[in-house]
Amino acid sequence: MLTRTSTQSLTGQLADRLAERIRTRLLPPGARLPSVRECARQQGVSPYTVVAAYDQLLAQGLVEARRQRGFYVRDSAQQMQDGRSGKAPDAVGVSDMPAAMAVQMMASRVPADASSLIRSMFHRPSDKPQPGMGVFPPDWMSSTFIPTAVRRMTSTAVLQELSLQYGEPSGDMSLRRSLSQKLVGINVPAAPDQIITTIGATHALDIVSRTLLRPGDPVMVEEPGWALEFARLEALGMRILPVPRRADGPDLEVMAQYCVLHKPKLFVSVSVLHNPTGYSLTPGSAHRVLKLANEHDFHIVEDDTYSHLAPEHATRLSALDGLQRTVYVSGFAKIIAPNWRIGFLAASPALKERLLETKLLATLTSPTLFERALSWCIDQGQLRRHADRIRIRLDGARGRAVKLAMSHGCTFASEPAGLFGWVDTGVDTDALTQRMLDQGYLLAPGSLFHARRPPSTMMRINFATSQDATFWKVFSKVRSEL
C-alpha cells in the first residue's frame, strides 16, 4: 500500500508501482488503467495525486490517453521505438483532459497475460502466500537429500568428468535408465534410447512443437488449459483449436469436427490432474481419443507434469498407445528442484531421432551434473519418499483451502484434486486480480486459461498457498467492492 511515511511522494510511489506492473506485464499492452476517481478511491489518495502519477507515466511513454476512452498501456515495441527515436508519446496529458471526462472514466477489465503469471514467479508482489502461483512454497520443497546428491556429484574427479566436456545429446544415460524404470511403474513402455532429457517440461513441449509443426498448422489444445501453452503455440504461429475439457476427458464431438474441418496435426493434453480443473482422463475417453488420432493421422503430446502427485493406476494415453502416436512429457520442477530445470520426453524410436535433432539445434546437450544427481535421487528412493510427503501435506492443505473458499462464497467447478482448484468467484476475475495486487496478492484469473481470453468469473487457486484465512478475508472484502 502507499504510505505517507515514505521518503518518496505519494505521486512517485503510485507512478513507480504502475510502471513496475507495466514492465513485468502484470498490466500488459492494451490494458486500460482505472479512472482517476476510481484509482484515487482504491489507493486512498486525492484525484490530484493520480493525475500527477498518470502524467509521469505518460512522460515515460508507458501509457497513452485516448480521448473519451481513458488511459491505456502502450505496446512495448512502440515504447522502445519512441525511446530510440527520442519521440514524445503521441498522447493527451491527464492534466489536459476535461474534468468531466476524468470523472466519467470507470475502471474496466485489465487482463493479465500468460507471461505476467510466469514473470510473477520471479517478481512476487509481497511476502504473503500467493494463491495464483503454480508451484509449491519453498519450505515444502526443502530436503536433506538434495544437498547430498549434489555433493556426490561435485567431488573433484566427478565434477571434472561431468563439467569439462559435453554430455550425451539425448541426456545422461544413468538418468535415462532411471526414468525408463520409473515409467514402468505407470505402464509407459520407454527404453532408455527412447528418452530425451530437456531443460524442463516446457522445453520438451517446445521440442515436440518445433519438430511436428510448421507456422499455420492447426493444433488442438484443451480448454481451459495451461496459459503458457496457448501463448507458446501462438508465438510459434500455430492455429489454436480449443477443445473443451470435461470431467472424463476432452469433448470428443468437438475434436471429431475439428478433424474433419481442419485436419489438425497435434493434440496437446494433460490426462492426469489437469491444470486448472484437476480432472483425470477415464479409460473410455482415452480409447476414443486414440481412435480419432489413428483415423485422422495426428500426434498427441501428453503433458504429465503432475504425475508425482497422481496415483500410478491413473489412465494415461501413452500407456494405452505404447508411444506409437503419443509423446510423453514430464519434469521435476514441480516436485523436487525448480532451478535444476530437468524435464524429459519419451517417444517412438523413429520420432525420437527427429526430436533429438531439434534439441541439438537449440541446446546441443543438457547439464549432466544435475541430471546425474537426479538419477541418484530416483535410484535411492529419495524422490519417491519426498513425493509421498508432499502428497500427504497437500491433502491437508487442500481440505483447509476448500473450506475457506466455500465459507467466503466461492464454489468449485470441479471436484478438488491435485495442486489446483478451479473456483467460481461470481465476479470478473481480471478486475479482481488488479485489485488484489494492491493488497499484495497474486491471483490467476480464469481468462488466462482460455485461448481467446474471454471475461471470466473463474480463478485457479494453488491449494498449498491458499490456506491463509487473512487472504480470504481480504478477497471477500475486495470482491464485495466490485
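Residues numbered from 1 in each chain as written. Predicted model: local features only at pLDDT ≥ 70, side-chain atom pairs only at ≥ 80, totals over all residues. Heavy atoms only, no water.

S.K.: What is the right way to read the nonpolar core from this model?
M.R.: What tends to happen in soluble globular proteins is that the nonpolar side chains get buried as a cluster. Of all hydrophobic cores here, the largest spans 65 residues; its most connected members are Phe136, Leu183, Leu309, Phe332, Ile336, Met436 and Trp472. With 9 residues, the single largest contributor to this core is helix α18 (residues 382-407). Residues in contact with Trp472, not counting those within four places in the same chain, are Ala401, Leu404, Ala405, His408, Cys410, Met459, Ile461 and Ser466. (Core = buried A, V, L, I, M, F, W, Y, C linked by side-chain atoms within 4.5 Å. Buried < 20%, exposed > 50% of the residue type's maximum accessible area, 1.4 Å probe, protein only. Helix = DSSP H or I, 4+ residues; strand = E, 2+ residues; numbered from the N terminus. Contact = heavy atoms within 4.5 Å.)

S.K.: Honestly, the pattern of salt bridges in this entry has me stumped. Any pointers?
M.R.: Pairs can form between side chains of opposite charge once their charged atoms are near each other. Scanning the entire structure with this criterion turns up 22 salt bridges. Here Glu64 ties to Arg74 by a salt bridge, and the two come within 4.0 Å at their closest N and O atoms. Taken together, the residues Glu64 in strand β1 (residues 63-66) and Arg74 in the loop between β2 (70-73) and α4 (76-85) connect sequence positions 10 residues apart. One salt bridge connects Arg176 with Asp193, and the closest N-O pair in it is separated by 3.9 Å. Placement of Arg176 in helix α10 (residues 173-184) and of Asp193 in the loop between α10 and β3 (195-198) is noted, with a sequence separation of 17 residues between them. The class of Asp193 is exposed, set by a relative accessible area of 52%. Within the structure, one salt-bridge network assembled from shared partners comprises Asp206, Arg210, Glu229 and Arg232. (Salt bridge = Lys/Arg side-chain N within 4 Å of Asp/Glu carboxyl O.)

S.K.: Honestly, the confidence of the model for the chain in this entry has me stumped. Any pointers?
M.R.: Predicted coordinates in regions of low pLDDT should not be interpreted in detail. Summarising the model, the chain shows a mean pLDDT of 89, and 89% of its residues fall at 70 or more. Here residues 83-111 scores under 50 on pLDDT; set against residues more than four positions off or in separate chains, the count is 60 contacts. (pLDDT = per-residue confidence, 0-100.)

S.K.: Hey, could you run me through the environment of Glu357 in this one?
M.R.: One can find Glu357 in helix α16 (residues 349-363). With relative accessibility at 53%, the residue Glu357 sits in the exposed group. Distance in space between the C-alpha atoms of Glu357 and Thr211 is 8.5 Å, their sequence separation being 146 residues.

S.K.: Looking at this structure, I do not really get the environment of Gly322. What am I missing?
M.R.: Note on placement: Gly322 falls in the loop between α15 (317-321) and β8 (326-331). Along the chain, Gly322 and Asn187 lie 135 residues apart, while their C-alpha atoms are 8.7 Å from each other.

S.K.: Before we go on, may I ask you to explain the pairing of β1 in this structure?
M.R.: Looking along a regular strand, one sees side chains alternate from face to face of the sheet. Side chains Val63 and Ala65 project from β1 onto a buried face, and the interleaved Glu64 and Arg66 project onto a face without burial. For β1 and β2, the ladder comprises 4 bridges, and the chain directions are antiparallel. What sits directly across from Glu64, in β2, is Tyr72. Linking β1 back to β2 in an antiparallel pair, the connection comprises 3 residues, with Gln68 at a positive phi of about 65°. (Pairing = 2+ DSSP bridges.)

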